Amino acid sequence: MVAPLIPMGVIPESWNNVFAVILGFGFGFALESAGFSSSRKIIGTFFGYDFVVLKVFFTAAITAMIGLLYLSYIGWLDFSLLYIHPTFLASAIIGGIVMGIGFSMGGYCPGTSFCGIAIGKIDAMIFMVGMAIGVLIFSEAFPLLEKLYNSGNLGGKLVSDSLGMSKSLFAFLLTVVAVGMFFGATWVEKKVRKVEY
Amino acid sequence: MDRRYTLLAILVVLLAAGLLIIPNKGEKKEIKPDKLLLAINDQARFLSTDAITERIIGGDPTLQLIDVRPAKQFNTYALPNAVNIPLDSILSPSWTELLHQPGKDKVFYSNGDIESDAAWQVCTRNGIPGVFVMKGGLNHWYNTIIKGAEPSNTASGTDLDLYSFRQSARQYFTGSGDQETAQSGNDASTQKPAKVSVERKPAEKSSGGGC
Amino acid sequence: MEKNKKSGTFYLNPYLSGFIFGMVLLITFIITGRGMGASGAVKSTVVEAVNTVAPAHAEKSDYYSKFISDDAHPMNTWLVFEVIGILGGAFLSGLIFNRLKFKVEHSPKITSRRRLIFALLGGTLFGIGSQLAKGCTSGAALSGMAVLSLGGFITMMAIFGTAFVFAWIFKKNWI
């Protein structure tokens with residue numbers, strides 16, 4: 001049991017920010033090289049002419065998930081020490097819907113807009129200005145939203161637990177679904193007229 | 001090209017299927033009975049009221065006081081910056097994050113130390129590290145810190161030091177080092193919580209980091 | 001392929017990118033115990049800005065005051081450093097694949113102005129939504145999914161489900 005390294009004290013806390021830059025570098029490179037700096041490429045997922053978002057997103061998710069589960073099995077990693085994104089039912093759904101509308105209008109999500117900014121996309125820069133305004137609006141309106149923000153707290157609940165199956169069974173099913181989607185996406189891509197962008 | 005993707009897909013699915021074969025271990029991280037017994041026999045989990053008072057006054061950021069009494073008692077009087085987790089909801093998921101905060105000493109207290117020790121046992125059994133019990137609970141805290149008796153003239157130097165520490169602590173909590181006013185201040189216990197800043201937004205606080 | 005590289009339309013195989021991305025995420029979990037994120041950095045910046053311009057106001061507000069005070073929230077600065085890395089990594093990729101250029105990308109059917117207005121509105125909504133859901137696509141959805149968080153899956157489905165519907169409503173903006 002050695003990982004996670006910083007919470008376990010293997011690597012001193014002070015190295016945290018150094019790793020942040022290095023890991024962010026990999027993150028940015030992977031996103032940009034896949035084409036996430038182009039909003040029209042990203043949005044293509046919804047019209048069926050380019051499924052790059054779906055492919056990259058799910059490949060990344062299952063890679064990390066399977067990796068984590070194997071590492072926890074061989075005992076290198078303590079799964080219970082990982083930060084599990086807490087589930088706030090109401091705010092997760094409503095926040096997700098608001099983000100979904102923003103996504104379809106702006107064509108970026110925060111991570112990809114940083115990639116867009118790095119290569120000089122002016123629309124990405126404006127998107128980021130919008131993000132800052134949105135955060136400001138939320139913070140100012142927080143007293144009104146506080147109840148929603150805190151409601152339905154289920155803590156760091158795992159999806160596999162709430163479905164009543166083991167982590168590995170869920171991971172397996174998700175992988176099968178993801179691979180199925182990849183084939184489906186490739187098939188649809190062939191059918192749909194290409195869009196030049 | 002397509003055949004390579006098919007191969008890759010099969011490989012990934014096989015890798016995921018491998019997860020099904022390997023035994024599922026450690027889903028629930030409960031510690032073994034013999035380890036629990038060892039931990040129960042270890043008196044190091046008890047922290048004295050003086051040590052805790054010193055940390056409260058010093059504003060020690062690694063101290064997380066947890067009040068396991070019912071909410072009603074907590075609202076009447078509580079130690080500064082304590083969080084109220086009634087004993088019956090100690091396992092509720094809303095508190096997992098608070099209890100798992102790394103680098104913090106989670107100190108349970110109740111009126112005596114029966115409930116707080118029970119909370120300590122539940123947490124220890126669940127593998128939560130860094131949990132402690134305030135020895136003697138609030139009653140003892142009140143008797144030593146707020147009402148601490150003056151040592152006799154023949155008392156040793158350390159006793160006198162302790163007394164003067166307690167006296168300054170009393171001043172910190174009640175606004176007066178004088179025992180009489182301290183006591184009258186405590187009789188009207190309802191006015192107390194206003195003075196003591198009680199913070200009650202624990203779990204959300206750190207989860208706000210989010211994305 | 002060489003020709004594509006010159007014209008700036010060469011992209012890495014999505015599965016390879018996804019794999020690299022997944023490995024980076026995995027290493028992040030191994031090292032820090034937490035996932036990636038992006039919107040948190042925007043939040044830190046906004047909080048910092050408000051705190052500088054109007055400290056009294058920031059202190060009073062329930063939301064800002066959660067994130068100021070002391071050094072109790074290392075995660076927020078972590079994300080700011082991570083974003084510096086993202087910008088660097090993306091810039092390098094743009095340099096290699098010849099995509100560095102100032103431009104506004106939009107459908108030929110709309111003007112740049114319309115595109116920028118929509119980007120601003122979309123960004124604003126994303127800003128509000130990401131605070132409400134306590135994370136964006138990378139922080140809540142992707143990092144959440146990797147550790148099988150229920151909230152991560154819910155957020156992911158809400159984002160993509162809604163975006164799918166609304167993308168068709170705003171179809172003219174895109175194709």
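Residues numbered from 1 in each chain as written. Chains lettered and ligands numbered in written order. Predicted model: local features only at pLDDT ≥ 70, side-chain atom pairs only at ≥ 80, totals over all residues. Heavy atoms only, no water.

Caption draft 1: Layout of the overall build of chain B. Across its full length, chain B carries 11 helices and 5 strands. Every one of the 211 residues in chain B was classed for burial, and the buried ones make up 39%. Considering only intrachain contacts with a sequence separation of at least 6, the fraction spanning at least 24 residues in chain B is 63%. For chain B, the computed accessible surface area is about 11,500 Å², with 57% contributed by carbon and sulfur atoms. (Helix = DSSP H or I, 4+ residues; strand = E, 2+ residues; numbered from the N terminus. Buried < 20%, exposed > 50% of the residue type's maximum accessible area, 1.4 Å probe, protein only. Contact = heavy atoms within 4.5 Å. Areas by Shrake-Rupley, 256 points an atom, 1.4 Å probe, with all protein chains shown as cover.)

Caption draft 2: Broad picture of the pattern of salt bridges. Taken as a whole and assessed by the stated rule, the structure comprises 9 salt bridges over all chains. Across the salt bridge formed by A:Lys55 and A:Glu189, the nearest N and O atoms sit 3.3 Å from each other. Of this pair, A:Lys55 sits in helix 3 (residues 52-73) while A:Glu189 sits in helix 9 (residues 167-191), and the two are 134 residues apart along the sequence. With a relative accessible area of 7%, A:Lys55 lands in the buried category. Where B:Asp50 meets B:Arg166, a salt bridge forms, and the shortest distance between an N and an O atom there is 2.8 Å. Here B:Asp50, found in helix 3 (residues 49-57), pairs with B:Arg166, found in helix 8 (residues 157-174); they are 116 residues apart in sequence, far enough to count as distant. Both residues of the pair, B:Asp50 and B:Arg166, belong to the buried class. What you see here is one network of salt bridges that share partners, running through B:Arg55, B:Asp60 and B:Asp105. (Salt bridge = Lys/Arg side-chain N within 4 Å of Asp/Glu carboxyl O.)

Caption draft 3: Broad picture of the pairing of strand 2 (residues 63-67) of chain B. Residues and elements named next belong to chain B. With respect to burial, strand 2 is a largely interior element, 5 of its 5 residues being buried. Burial along strand 2 is two-sided: the face carrying Leu63, Leu65 and Asp67 and the face carrying Gln64 and Ile66 are both buried. For strand 2 and strand 4 (residues 105-109), the ladder comprises 5 bridges, and the chain directions are parallel. When the bridges of strand 4 are listed, glutamine 64 appears paired with lysine 106. Inspection of the sheet shows strand 2 paired to strand 3 (residues 83-84) by 2 bridges, in the parallel sense. Residue pairing in the sheet places isoleucine 66 in a bridge with valine 83 of strand 3. (Pairing = 2+ DSSP bridges.)

Caption draft 4: Spotlight on the confidence of the model for chain B. Averaged over all residues, the pLDDT of chain B is 75; the fraction at 70 or higher stands at 79%. This stretch, residues 179-211 of chain B, has a pLDDT under 50; its non-local contacts, to residues over four places away or in other chains, come to 73 contacts. (pLDDT = per-residue confidence, 0-100.)

Caption draft 5: Quick look at the packing of aromatic side chains. Summed over all chains, the structure comprises 25 aromatic pairs over all chains. A ring pair is formed by A:Phe57 and A:Phe58, whose centres lie 5.8 Å apart and whose planes are at 70°; its orientation type is edge-to-face. Overall, the relative accessible area of 10% leaves A:Phe58 in the buried class. Taken together, a centroid distance of 5.4 Å and an interplanar angle of 50° make the contact between C:Phe10 and C:Phe97 tilted. (Phe/Tyr/Trp six-rings, centres within 6.5 Å; stacked < 30°, edge-to-face > 60°.)

Caption draft 6: Expanded view of the packing of helix 7 (residues 137-146) of chain B against helix 8 of chain B. Residues and elements named next belong to chain B. Running from N to C, helix 7 and helix 8 cross one another at 110°; their axes reach a closest spacing of 8 Å. For the element pair helix 7 / helix 8, the angle class is roughly perpendicular. Here Trp141, Thr144, Ile145 and Ile146 of helix 7 lie close against helix 8, whose contacting residues are Arg166, Ala169, Arg170, Phe173 and Thr174. For the contact of helix 7 with helix 8, the per-class residue count stands at 5 nonpolar, 2 polar and 2 charged. (Axes fitted to C-alpha atoms, helices over the stretch in contact; angles between N-to-C directions. Parallel < 35°, antiparallel > 145°, perpendicular 65-115°, else oblique. Nonpolar A, V, L, I, M, F, W, Y, C, P; charged D, E, K, R; others polar.)

Caption draft 7: Seen up close, the packing of helix 2 (residues 39-47) of chain A against helix 4 (residues 89-106) of chain A. Residue and element names in this part refer to chain A. Interaxial distance between helix 2 and helix 4 falls to 9 Å at its minimum, and their mutual angle equals 125°. As judged from the angle between their axes, helix 2 and helix 4 are oblique. Contact with helix 2, carried on its side by Ser39, Ile42, Ile43 and Phe46, involves Phe103, Ser104 and Gly106 of helix 4 and no other residues of that element. A breakdown of the residues in the contact of helix 2 with helix 4 according to their chemical character gives 4 nonpolar, 3 polar and no charged.

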